[in-house]
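A look at the structure
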Amino acid sequence: MPGLKRICAAVCCAVQLLCLSGCAGTTIFSDFHEIEKIEIIRTLGIDVGEEGVCLTADSGVGLNGTPPRLYHQQAPTLAAAVSILENTYPDRQPFFTHAENLLIGEEAARTDISGWLDYVARSPKMRLMIGLVVVRGDAAGAVMEAVMSEKTSASDMLTDITADVERLGAGSETTCGQALAQMLEGRCTMAQAVKAAEATGTGGAGQMLVPCGFALLKDGRLCGYLEPEQAAAANILTGRFEALNLAVGEAGGDAVTLHVTQADAAFEPVYRNGHLVRVDIRISAGADVSEIYGGSVLEDDRIRAALEQAAARQLELRAAQAIAVTQELDGDFMGIGSRVELAAPAESRKMEPSWEERYQDLELRVCAQVTLRRSYDMDQPASAGGKNNGK
């Protein structure tokens, strides 16, 4: 009977929909987690030990203010350590999909880290946008323990560092995906370096993480560092500059702080008879006066010129020091070669010996020019009356 057939068909459809809805206590997903039973891991700390990888996982402060927690596990590989942690705490299972940072201790960074980056790239539990950070002079697990309190942890501090480091001119973020891509192309890598220092504020931990320049990685291994002052220049040379404070003074010795908010570098290779003999690097920067102590009068053209020259000499010195460190390590960590190739592509293709072979001994000449753009309408310090010229 047609009517009965329609009823039977409707019942069958209803049963199938009921199964799909989950009302019968089943689900179409084979791998799911109850939100109340997971611990979101924000930072993975990696060290090396007798068993292989020493993993320290940090949850950070919870959204509802719950204290952070640390989880520890040793295993032959990073994948094994993560898997063991996931299956060790059934009531509060560590969840790695939202990890933000891969924090590698100095000893571990001196080994080949490419395998750990490869795991991050391949694992569906990880994201390529995880920040790569190296602990200077200590183990990752040790500093994660040292800075943790009920109110903060390494994860929270690394979030603040990532947000502020370029603005402060103290470094810049490199992700695991970026670092792995550079290694696969045979290039050197710079990663943010941090260290533990005594906390200056009140409350929270007795120690805190602070940025301390760039970690330099060659062939997947840590081989040196750029100091914070050199890291600021490296940001300019790599095109990642955001801001920088420079303490300078005019001839009378007065203290003036300039806030550099714009800086870029142009690269001009110099060839003779088809051979690269040197590279001229021209830094152009714009700065604002943010602080004055003493009797400096900024409406005096001689004082303004002296301040511009003093700032330019500082930028030249920092850039030259950064270049010297990388040349001593025989690695183009700042990617200068690619900028030179863009400036003169035809000559670069015919370059002999290659850029990599020439870099260590090549002359890289730095010249900086700083333009003092404004002083927020105050051409004299407040101690001298702070004359407002309306500019």
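Residues numbered from 1 in each chain as written. Predicted model: local features only at pLDDT ≥ 70, side-chain atom pairs only at ≥ 80, totals over all residues. Heavy atoms only, no water.

1. Quick look at the pattern of salt bridges
Condition: Salt bridges are counted wherever a side-chain nitrogen of Lys or Arg sits within 4 Å of a carboxyl oxygen of Asp or Glu. Helix and strand assignments follow DSSP, with helices taken as H or I runs no shorter than four residues and strands as E runs no shorter than two, numbered in order from the N terminus. Exposed residues in this analysis have more than 50% of their type's maximum accessible area, buried residues have under 20%, and partly exposed residues fall in between, with area computed by a 1.4 Å probe over protein chains only.
As enumerated under the stated definition, the model contains 13 salt bridges in all. Its salt-bridge partner being E100, residue R42 comes within 3.5 Å of it at the nearest N-O pair. Taken as a pair, R42 in the loop between β1 (38-40) and β2 (43-49) and E100 in the loop between β5 (93-95) and β6 (101-104) lie far apart in primary sequence, 58 residues in all. For E100, a relative accessible area of 29% gives the class partly exposed. With a shortest N-O distance of 3.6 Å, R282 and E268 are connected by a salt bridge. One end of the pair, R282, is in strand β13 (residues 275-293); the other, E268, is in strand β12 (residues 255-272), with 14 residues separating them in the sequence. Take E268: its relative accessible area is 40%, and that puts it in the partly exposed class.

2. Here's the deal with unusual backbone geometry
Even without being a glycine, D219 presents a positive backbone phi close to 55 degrees. A positive phi is found at D330, a non-glycine position, where the angle reads about 55 degrees. Its relative accessible area of 30% is what places D330 among the partly exposed residues.

3. Considering the environment of D264
Heads up, the rule is: Only heavy atoms enter the contact rule, under which two residues are in contact if any of them lie within 4.5 Å.
Within the secondary structure, D264 sits in strand β12. When the C-alpha atoms of D264 and T238 are compared, they prove to be 8.7 Å apart, with 26 residues separating the residues in sequence. Those residues within four positions of D264 in sequence are excluded, and the remaining contacts are I236, R282, I283 and S284.

4. Observations concerning the confidence of the model for the protein
Which entries qualify depends on this criterion: Looking at any residue, its pLDDT shows the predictor's confidence there, from 0 to 100.
Per-residue confidence for the protein gives a mean pLDDT of 83, with 81% of residues at or over 70. Note on residues 21-30: pLDDT is under 50 here. Beyond four places in sequence and across chains, it has five contacts.

5. Some words on helix α10 (residues 336-343)
Operational definition: Relevant arc is that of directions from the helix axis to the C-beta atoms, nothing else.
I336, G337 and V340 are the residues of α10 that are buried. Along the long axis of α10, the arc covered by the buried residues comes to 100 degrees, so they all point the same way.

6. So, the packing of aromatic side chains
Threshold: Each aromatic pair joins two rings of Phe, Tyr and Trp (for Trp, the six-membered one) with centres within 6.5 Å, and gets the label stacked for planes under 30 degrees apart, edge-to-face for over 60, and tilted for any other angle. Counting as a charge over the ring demands two things of the Lys NZ or Arg CZ atom: a distance within 6 Å of the ring centre and an angle within 35 degrees of the ring normal.
Per the stated rule, a full pass over the model turns up one aromatic pair. Consider the rings of W355 and Y359, whose centres lie 5.7 Å apart with planes at 50 degrees: the pair is tilted. Among the residues examined, W355 registers a relative accessible area of 9% and is labelled buried. For Y359, a relative accessible area of 1% puts it in the buried group. Lying over the aromatic face of Y225, R136 brings its terminal NZ or CZ to 4.2 Å of the ring centre.

7. Description of the pairing of strand β8 (residues 189-198)
So the rule is basically this: DSSP bridges decide pairing: two strands pair if at least two such bridges lie between them.
Note: strand β7 (residues 131-135) against β8, three bridges, orientation parallel. In the strand pairing of β8, V133 is matched with Q192. Of the pairings in the sheet, the one linking β8 to strand β9 (residues 207-218) comprises nine bridges and is antiparallel in character. Bridge pairing in β9 places E198 opposite Q207.

8. Describing the packing of helix α4 (residues 114-122) against helix α7 (residues 176-184)
Note the threshold: An axis is simply a line fitted to the C-alpha atoms; with a helix, the fit covers only the stretch in contact. Between two such axes, the angle follows the N-to-C directions and lies from 0 to 180 degrees. For classification purposes, angles smaller than 35 degrees are called roughly parallel, those larger than 145 roughly antiparallel, those between 65 and 115 roughly perpendicular, and all remaining angles oblique. For any helix crossing, the convention is left-handed if the near helix is rotated counterclockwise from the far helix by under a right angle, and right-handed if that rotation is clockwise. Gly falls in the polar group here, along with every residue not listed as nonpolar (Ala, Val, Leu, Ile, Met, Phe, Trp, Tyr, Cys, Pro) or charged (Asp, Glu, Lys, Arg).
Interhelical geometry of α4 versus α7 gives an angle of 120 degrees and a closest axis separation of 10 Å. Taken together, α4 and α7 sit at an angle that is classed as oblique. Crossing hand, α4 versus α7: left-handed. Two secondary-structure elements touch here, α4 through S114, L117, D118, V120 and A121 and α7 through C176, A179, L180 and M183. Its residues assigned to classes, the contact of α4 with α7 shows seven nonpolar, one polar and one charged.

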